Amino acid sequence: MTKKNLTTQLANVTFDGPLLNASGIHCQTSAELADLANTSNLAGIVTKSATLFPRKGNENPRYHDLPYGSINSMGLPNLGYPFYLDYVQQEKAKPTILSVAGLSADDVIEVLSDIQDSKYQGITELNLSCPNVPGKPQTAYDFVATRKVLERVFEFFTKPIGVKLPPYFDLVHFDQIAAVLNDFPITHVNTVNSVGNGLVVDVAKEQVVTKAKGGFGGLGGAMILPTALANVRALRQRLNDNIAIIGTGGVTTGADVFAHILCGADMVSVGTQVIKEGLGVYDRLTQELEALMTEKGYERLADFRGQLREL
């Protein structure tokens, strides 16, 4: 099979393929980041969403594997943003996206101020969508609050930055978030984060499967693919052309990667399936994607990106 041209662009950075890790999956420690740097067919690395101070995250058990995906309530465990900012400023074999989050708007501004003042010139991603921190609502579900945060950010931040979003479920919400985001010079959106506040019941034990928040947690894996594709498609139809999309959610096969791109994704990140299968998943997904492109006569991702047909 002839190798395809899988290169793609994000914020003027060239990636040699479309695949990224989902932030939070095997990207928290130095050892895990080194593993990603040595993973073939992983085009770029997304760091763990980093907060102002280190966090241990929620109590265990905080991840549970399911036949149809996963549920997690991690609670943003990370080593604190200075660790990840230092990491991304070192010489890298792969392009790297620095993911950051805040427990308040003031936290966000403090973290991004330090990034602005640093030597780092790469892509930053502001996570507006963690559903698993007790007592902290997801900013991106509050469109007024999202606008206010971005107004404060772009008063001083001049480097490439995108946002990570939760899933939306109503068409008017796609309209509303796009109206906000289109007013700012963001590089990309990453859609979707896990589907918040699902509940899995162990019938044999008559109890929940994760500890924090009484068992409520974020859903991921195969079961959220239709939701992820809907968000990619709806946002691609509404966002300015210069805002790229990273499609995240539900990827288990190369056909799922293809579907994300067909709906308009520029890049695709993989989460739950990495936990289930290991880092070799990126080789398999790439092989399956290339085989499907060969079957369909496509040579480049641009040949079918955003070309989803309607009935």
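Residues numbered from 1 in each chain as written. Predicted model: local features only at pLDDT ≥ 70, side-chain atom pairs only at ≥ 80, totals over all residues. Heavy atoms only, no water.

Let us now look at the sheet that holds strand β10 (residues 188-191). Note on sheets: strands pair through backbone hydrogen bonds, and any given pair is parallel or antiparallel. Strand order across the open sheet formed by eight strands is β3-β16-β15-β10-β9-β8-β7-β4, with parallel pairing between neighbours. Across the chains shown, the open sheet's two edge strands, defined by having one partner strand only, are β3 (19-21) and β4 (45-46). Pairing geometry for strand β7 (residues 96-101) and strand β8 (residues 123-127), over five bridges, is parallel. Bridge assignment links V100 to a residue of β8, and that residue is L126. Contacts between helix α2 (residues 81-88) and the sheet are confined to β4 and β7, with β7 contributing the most and set at about 165° to the helix. Contacts between helix α9 (residues 281-296) and the sheet are confined to β3 and β16 (267-270), with β3 contributing the most and set at about 155° to the helix. (Pairing = 2+ DSSP bridges. Helix = DSSP H or I, 4+ residues; strand = E, 2+ residues; numbered from the N terminus. Contact = heavy atoms within 4.5 Å. Axes fitted to C-alpha atoms, helices over the stretch in contact; angles between N-to-C directions.)

Okay, the UniProt feature "domain: Dihydroorotate dehydrogenase catalytic" (unreviewed entry) in the protein chain next. Residues annotated by UniProt as "domain: Dihydroorotate dehydrogenase catalytic" (unreviewed entry) correspond here to residues 6-293. Helix makes up 32% of residues 6-293 and strand 22%, whereas the separation of the span's terminal C-alpha atoms amounts to 10 Å. (UniProt positions renumbered as here; feature names shortened; annotations may be inferred.)

Turning to the pairing of β16, a few remarks are in order. Residues of β16 alternate between two faces, with M267 and S269 on one and V268 and V270 on the opposite face, all of them buried. Of the strand pairs in this sheet, β3 and β16 are connected by three bridges, and their pairing is parallel. Across the sheet, the residue bridging to L20 is S269, located in β16. One ladder, built from three bridges, connects strand β15 (residues 244-248) with β16; its direction is parallel. Within β16, the residue paired with T248 across the bridge is S269. A crossover links β15 with its parallel partner β16, the connecting element being helix α7 (residues 254-262), and its sense is right-handed. (Buried < 20%, exposed > 50% of the residue type's maximum accessible area, 1.4 Å probe, protein only. Right-handed = clockwise from strand over helix to strand, strands pointing away.)

Next up on the list: the side chain of S194. The residue S194 is located in the loop between β10 and β11 (195-199) in this model. Owing to a relative accessible area of 11%, S194 belongs among the buried residues under this scheme. Excluding its chain neighbours within four sequence positions, the residues that come into contact with S194 are N72, P131, N132, P167, G218 and L219.

On to the sheet that holds strand β6 (residues 69-72), then. Spatial ordering of the open sheet is given by β5-β6-β14-β11, a layout of four strands whose pairing is antiparallel. A strand with exactly one partner marks an edge of an open sheet, and here the two such strands are β5 (63-66) and β11. Shown here is a sheet whose adjacent strand axes are inclined to one another by a mean of 35°, direction ignored.

Our next topic: the nonpolar core. I115, V163, L165, L181 and V189 are the most contacted members of the largest nonpolar core, which has 71 residues in total. When residues of this core are assigned to their parent elements, the largest contribution, six residues, is made by α9. Among residues more than four places away in sequence, those in contact with I115 are L85, L98, V100, Y120, T124, F157 and K159. L10, L20, A43 and I97 belong to the second-largest nonpolar core, a separate cluster that totals 10 residues. (Core = buried A, V, L, I, M, F, W, Y, C linked by side-chain atoms within 4.5 Å.)

This next bit is on a nonpolar patch on the surface. Together, L199, V201, V203 and F216 line one region of the surface with nonpolar side chains, adding up to about 380 Å² of accessible area. Along the chain, F216 turns up in strand β14 (residues 216-220). (Patch = residues over 30% accessible without salt bridge, like charges linked within 9 Å, V, L, I, M, F, W, Y side chains within 5 Å. Areas by Shrake-Rupley, 256 points an atom, 1.4 Å probe, with all protein chains shown as cover. Salt bridge = Lys/Arg side-chain N within 4 Å of Asp/Glu carboxyl O.)

Moving on, we come to the packing of α7 against α9. The contact between α7 and α9 brings their axes to 7 Å, and the two run at 65°. By the angle class used here, α7 and α9 are roughly perpendicular. Judged by the twist between their axes, the crossing of α7 over α9 is right-handed. Two secondary-structure elements touch here, α7 through G254, A255, V257 and F258 and α9 through L285, E288, L289, L292 and K296. (Parallel < 35°, antiparallel > 145°, perpendicular 65-115°, else oblique. Left-handed = near helix turned anticlockwise from the far one by under 90°.)

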